[in-house]
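Breakdown of the fold
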Amino acid sequence: IDFETTSRRVIALAISGVFALYLGAVFRGPHLPRLLMHTALIMAVGSLVMVFALPSIGVHQFDNAGLWRGLWYEKNQMGAMMVYGALASVAAAITSPPRRPLWLFSLALCIGLIVMTRSATSALALAVVLFGSATLAFMGRGPAATITAIWAGVTGVLLLGGFYLLAPDLLYEAIGKDPSLTGRTQIWAAVERASDKSPLLGYGFAAFWDIKSAPANWIRDQLQWVVPTAHNGWLDLKIQLGQIGVSLFAAVLVTALIAGVFRHRRLKDGSFAILFLAVYALTIMSESFILAYNSLPWVLAVAAMARVLGPAPQTQPAARPAA
């Protein structure tokens, strides 16, 4: 519906993608999580400065009053970045034991900032990081531990799914959300209705939510506020590229997750890549992080995919026995 906008945004997306492939290809082993950990530590300290020195900027004043947002425009953005910092800190602690006190300090600081955002999605993502790293470490003990972990994981997912089907209100209350997920379900229903008019190919990449977009303004008029995105990565991808785009991306993401399960030890990155993809798969359920140009979550996701799907890391050849 807007060829000019789509053409420009595709170029921006391609540049972000090339940078992501560079990160995944060049920063092998523990180097990428260490780089991200140092970056997150700087941003976490900067957020503390903003909260205490300039609370009018670092703390929400009207909507979400009292909740921390630090260096970011909105609390969920800070929560997401601190989850990535927590994951990088865990990976760095695993791969570099001599400097573990620094990594643990960074982890504690990131967790504290996540708590102060009160972001349910970030809290769930943090649980995935901590539980996932412990589970992968347990699976490293042998086949019996691997089978036990898989059984426990499948059982937990089934129990959670049954709990959601039988008592959804209790589940929403436990995570501090209302049944509409802060109005997200209304947006999702409206987006689904709009996507029915172009189900296979969508409305064009990065074109649907433009301020002049007629179908997007129809949704905004319906909901009586300026909706910026679908607040769901899958629905935003569907409204842009249709069912074909969703199917292609789902195939790539599932392939990367499966490859990461089998290759995470060989990457020697403290399970950073596979856990990041697991966190990413969770966060795109409520945030529009798929094919997002100039977006750190998307760049790191592509870098993680490049690590788990790329060529196997080179290993040192075995020494020849003496003649």
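Here the structure is shown first, and the text comes after it.
Presented here is an overview of the structure given in this document. (Residues numbered from 1 in each chain as written. Predicted model: local features only at pLDDT ≥ 70, side-chain atom pairs only at ≥ 80, totals over all residues. Heavy atoms only, no water.)

**A short note on the packing of aromatic side chains**
One pass over the full model with this rule turns up eleven aromatic pairs. With a centroid separation of 5.6 Å and an interplanar angle of 80 degrees, the aromatic rings of Phe 52 and Trp 68 are classed as edge-to-face. Here the residue Phe 52 occupies a position in helix α2 (residues 31-53), and Trp 68 occupies one in the loop between α3 (55-58) and α4 (75-95), the gap between them amounting to 16 residues. By relative accessible area, Phe 52 is classed as exposed at 63%. Note on Phe 249 and Trp 298: the rings are 6.1 Å apart at their centroids and 45 degrees apart in plane angle, and the pair reads as tilted. Linking Phe 249 in helix α11 (residues 233-267) with Trp 298 in helix α13 (residues 296-309), this pair joins segments that are 49 residues apart in sequence. With relative accessibility at 9%, the residue Phe 249 sits in the buried group. The exposure class assigned to Trp 298 is buried, which follows from its relative accessible area of 8%. The structure contains a cluster of three or more aromatic residues connected by ring pairs, namely Tyr 84, Phe 272, Phe 276 and Tyr 280. (Phe/Tyr/Trp six-rings, centres within 6.5 Å; stacked < 30°, edge-to-face > 60°. Helix = DSSP H or I, 4+ residues; strand = E, 2+ residues; numbered from the N terminus. Buried < 20%, exposed > 50% of the residue type's maximum accessible area, 1.4 Å probe, protein only.)

**Topic: the pattern of salt bridges**
Following the criterion strictly, the structure yields three salt bridges and no others. Here Glu 192 and Lys 238 are joined by a salt bridge, their closest N and O atoms 3.0 Å apart. Within this pair, whereas Glu 192 is found in helix α9 (residues 184-195), its partner Lys 238 is found in helix α11, the two being separated by 46 residues in sequence. What makes Lys 238 buried here is its relative accessible area of 18%. Arg 307 serves as the salt-bridge partner of Asp 269, at 3.4 Å between the closest nitrogen and oxygen. Taken together, the residues Asp 269 in the loop between α11 and α12 (272-283) and Arg 307 in helix α13 connect sequence positions 38 residues apart. For the pair Asp 269 and Arg 307, a shared accessibility class is recorded, and that class is buried. (Salt bridge = Lys/Arg side-chain N within 4 Å of Asp/Glu carboxyl O.)

**Regarding α11**
For α11, with 35 residues, the first-to-last C-alpha span of 28 Å runs short of the 51 Å given by 1.5 Å per residue. The largest bend in α11 amounts to roughly 125 degrees and is located at Leu 241. Where α11 begins, the capping side chain belongs to Asn 232, and its oxygen is found 2.9 Å from the backbone nitrogen of Trp 234. Remark: Lys 268 follows α11 within two positions and exhibits a positive phi of approximately 55 degrees. (Expected span 1.5 Å × (residues − 1). Bend = angle between axes of the 7 residues up to and from the residue. Polar contact = N/O pair within 3.5 Å; in protein donor to acceptor, adjacent residues only side chain to side chain.)

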